[in-house]
Amino acid sequence: MLAFIARRLLQSVIVMLVVAFIAFLVFRYVGDPLANLLSQDATMADYEEARERLGLNQPFYIQFFHFVVNALQGQFGVSYRLQQPVSQLIFERLPATIELAVASSIIALVFGVFLGVYTALKQRAFSTGVIMTLSLVGVSLPTFLIGIGLIYIFAVELKWLPSFGRGEVIQIGWWRTGLLTQSGLRSLILPAITLSLFQLTLIMRLVRAEMMEVLRTDYIRFARARGLSQRAINFGHALKNTMVPVITITGLQLGSVIAFAIITETVFQWPGVGSLFVNSVAAVDVPVMAAYLVFVALIFVIINLIVDILYFIVDPRLRDGAKSGR
Amino acid sequence: MTDLPHSPEQPVPAAKTSRWKTFWRSDIVWSYRRSPVTVVASIVAFLLVSMAVFAPLLAPYNPFNPATLNLMDGFTPPNSNSMGGRYFALGTDSQGRDVLSTIMYGSRVSLFVGAMATLFAMVMGVGLGLVAGYVGGIWDAVIMRVADVQLSFPAILIALLIFGVARGIIPPNQQEGAAIWVLILAIGLANWAQFARAVRGATMVERQKDYVAAARILGVNPFIILLRHVLPNVVGPVLVIGTIGLALAIIEEATLSYLGVGVPPTQPSLGTLIRIGQQFLFSGEWWILLFPAITLVLLALSVNLLGDWLRDALNPKLR
């Protein structure tokens, strides 16, 4: 067990080092870091002095080492565009993105499971056909068009919900939340739905496929023979066994959701990490880009690590495999 | 794989049946005729592509020639005459540009970027996949590891990163002209892994077969074996991934342009047009947004449906 976790940890560290190396290359060699720090009329002597002071004359591997050490302390330099420390920029905007991602994952999980069970139980119903067709159309529509469509219906025509921003926010410690005010919650609805649709379809199709498979098995037939109620069979026996893959997929998708939030945040002008990244790409703000790359990779690595370890705990077959030297 | 559209026809049983008849009766055409959705999708795709290709000939106005633009034509609703007295089928935008014409030129940019990016991804992915599957060993390990890591990130994120890096490397005075090629590079590099994975698998199967062994014993150059003998036999999955990849690339291009990091404003694609149109959503000029959006959806959907059909038609298990 410990050996397995240690090996997985080592793998994660290697992946992070590779990503950090790419981020370092971007950070160091894209654009000229000095041109953005010094004023227009700096002399060659000023350049030399700054080069010396920032350690840019040192050998490549020492510079990379300094980059990693700084990154471990959360230091990615100063944004060219906003003239603020990058780590501060990201941490200020992180709560907005996390609230959006979690809200959309909950929507996707609740509606995805419900619709998946429904379409699996009523396979021949007309409504099932409608839901399945809609889900196909939903997948092939680009995310930003879905967002614009929702804005048009609910903000422009019906005027029910706000179309941009986060509404009123409340500061709790360093966490700035929009979940405690009415306008904050109303602002969350449209972006969260937009972001959830892709995941919702995925979960729905997964639950449906798993349910249809499980409902054919012997133990379900046996449960029917015992005279258990339909509800007990469907939810107590069948749905329970579809949950492991569903939870895995939802967990693994959380990273993609944070990345997909780039688009949703831009459509709704949501002040999160994703919109920060898009604006940085447009302005070639290299420190922010490098930091975002490391940040997203870290989330992916952590989620994968957790899922792997959970599997290891849940599935005894993996444990035996590890013992016999996998 | 005897039924690819361009491969030689199957053995002709009787001399009477013409080549055309054999083609008409082949499995792939049969499955095409049997699927009305595919027929409609191919017609829509054909119309949209020819509209884009022949835009300079078909478009009623040239939307990018300042001499013909008239601010008096601005915000003309669809199917009406402007204050300047000219007729616009789909209305005009804020600067009096004909929406129909901008859509035609916009799909041209979208299709060009999508097709070139897919081609780039295809050449790169197929090449690396052939090497990984045929040579194996350390090459295989390295190439597929990179592909695995890349596939676990969303393509749009990778395209954004590559785009940002390329923008930083190219000097500012050349960025305007290079933007489209940077975009093609970014989308292409974000999508090669799918091709590599499929081709590697197919190549590993082909490599075991006698004809490859025969060629090797004859002393044929491995490069020639890959190109002349293995490649034609793995072309099926490449076609399928290429078609679906084209739809994805078109959507990725539109997304990047919508985010404001895609094509330059002087050459608007469908995504740029949607970005512009969104500004007028609240003031009631819905047509500036709606028509480019419909065109984008039709284009992506029809290409996607064609790819789905191709996948089923080329899959011998489903026949």
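Here's a quick rundown of the structure. (Residues numbered from 1 in each chain as written. Chains lettered and ligands numbered in written order. Predicted model: local features only at pLDDT ≥ 70, side-chain atom pairs only at ≥ 80, totals over all residues. Heavy atoms only, no water.)

To continue, consider the overall build of chain A. Looking only at helices and strands, one finds 13 helices and two strands in chain A. In chain A, which comprises 326 residues, the share counted as buried stands at 43%. Look at the contacts in chain A between residues 6 or more apart in sequence, and 70% of them connect residues 24 or more apart. Here chain A contributes 25 positively and 18 negatively charged side chains, and the mean placements of these two sets differ by 18 Å. (Helix = DSSP H or I, 4+ residues; strand = E, 2+ residues; numbered from the N terminus. Buried < 20%, exposed > 50% of the residue type's maximum accessible area, 1.4 Å probe, protein only. Contact = heavy atoms within 4.5 Å. Lys, Arg positive; Asp, Glu negative; His and termini not counted. Charge placed at Lys NZ, Arg CZ, Asp CG, Glu CD.)

A few words now on the interface of chain B and chain A. Taken together, the contacts link 29 residues of chain B with 30 residues of chain A. Summing the contributions of chain B and of chain A, the shared interface buries around 2,700 Å²; its carbon and sulfur component is 85%. Taken together, the connections running from chain B to chain A amount to zero residue pairs in polar contact (both at pLDDT 80 or more). Elements supplying a minimum of two residues to the side of chain B that touches chain A: helix H7 (155–169), helix H11 (235–259), helix H12 (270–278) and helix H13 (287–314) of chain B. It is H7(B) that provides the largest number of residues to the side of chain B that touches chain A, a total of ten residues. Residues belonging to the side of chain B that touches chain A are distributed by class as follows: 22 nonpolar, six polar and one charged. (Buried area = accessible area lost by both parts, 1.4 Å probe. Polar contact = N/O pair within 3.5 Å; in protein donor to acceptor, adjacent residues only side chain to side chain. Nonpolar A, V, L, I, M, F, W, Y, C, P; charged D, E, K, R; others polar.)

Right, let's talk about the pattern of salt bridges for a bit. All names here are of chain B. All chains considered together, the criterion is met by seven salt bridges over all chains. The partner of arginine 311 in a salt bridge is aspartate 308, and the shortest N-O contact between them spans 3.1 Å. Separated by three residues within a single helix, arginine 311 and aspartate 308 lie in helix H13, roughly one turn from each other. A relative accessible area of 41% places arginine 311 in the partly exposed class. Relative accessible area serves as the criterion here: at 27%, aspartate 308 is assigned to the partly exposed category. Members of the salt-bridge network, linked through shared partners, are Arg145, Asp148 and Arg197. (Salt bridge = Lys/Arg side-chain N within 4 Å of Asp/Glu carboxyl O.)

Moving on, we get to the side chain of Ser257(B). Residues and elements named next belong to chain B. Mapped onto the elements, serine 257 comes out in helix H11. In this structure the side chain of serine 257 is engaged in a polar contact, spanning 2.8 Å, whose partner is the side chain of glutamate 253. The contacts of serine 257, once residues within four sequence positions are left out, are Gly262, Val263, Ser269, Gly271, Thr272 and Arg275.

Take the packing of H11(B) against H13(B) next. Residue and element names in this part refer to chain B. The geometry of H11 relative to H13 is characterised by a closest axis approach of 9 Å and an angle of 165° between their N-to-C directions. In terms of orientation, H11 and H13 fall into the roughly antiparallel class. Crossing of H11 against H13: the hand is left-handed. Taken together, the residues of H13 that come into contact with H11 (itself represented by Gly236, Leu239, Val240, Thr243, Ile244, Leu246, Ala247, Ile250, Ile251 and Ala254) are Leu296, Leu299, Ala300, Val303, Asn304, Leu306, Gly307, Asp308, Leu310, Arg311 and Leu314. By residue class, the composition of the contact of H11 with H13 is 15 nonpolar, four polar and two charged. (Axes fitted to C-alpha atoms, helices over the stretch in contact; angles between N-to-C directions. Parallel < 35°, antiparallel > 145°, perpendicular 65-115°, else oblique. Left-handed = near helix turned anticlockwise from the far one by under 90°.)

Residue and element names in this part refer to chain A. Structurally, isoleucine 170 is set in strand E1 (residues 170–172). Classification of isoleucine 170 as partly exposed rests on a relative accessible area of 32%. Distance from isoleucine 170 to arginine 231, taken between C-alpha atoms, is 43 Å for residues 61 residues apart in sequence. Beyond its immediate sequence surroundings of up to four residues, isoleucine 170 is in contact with Trp175, Arg176, Thr177, Leu180 and Thr181.

Glancing now at the nonpolar core. By size, the foremost hydrophobic cluster in this structure holds 121 residues, and its most contacted members are Phe144(A), Phe277(A), Leu160(B) and Ile274(B). When residues of this core are assigned to their parent elements, the largest contribution, 16 residues, is made by helix H12 (residues 286–314) of chain A. Residues contacting Phe144(A), with those up to four places away along its chain left out, are Ile263(A), Val267(A), Ala254(B), Thr255(B), Tyr258(B), Ile274(B) and Leu296(B). With 21 residues, the next largest nonpolar core counts Ala121(B), Ala132(B), Tyr134(B) and Leu226(B) among its residues. (Core = buried A, V, L, I, M, F, W, Y, C linked by side-chain atoms within 4.5 Å.)

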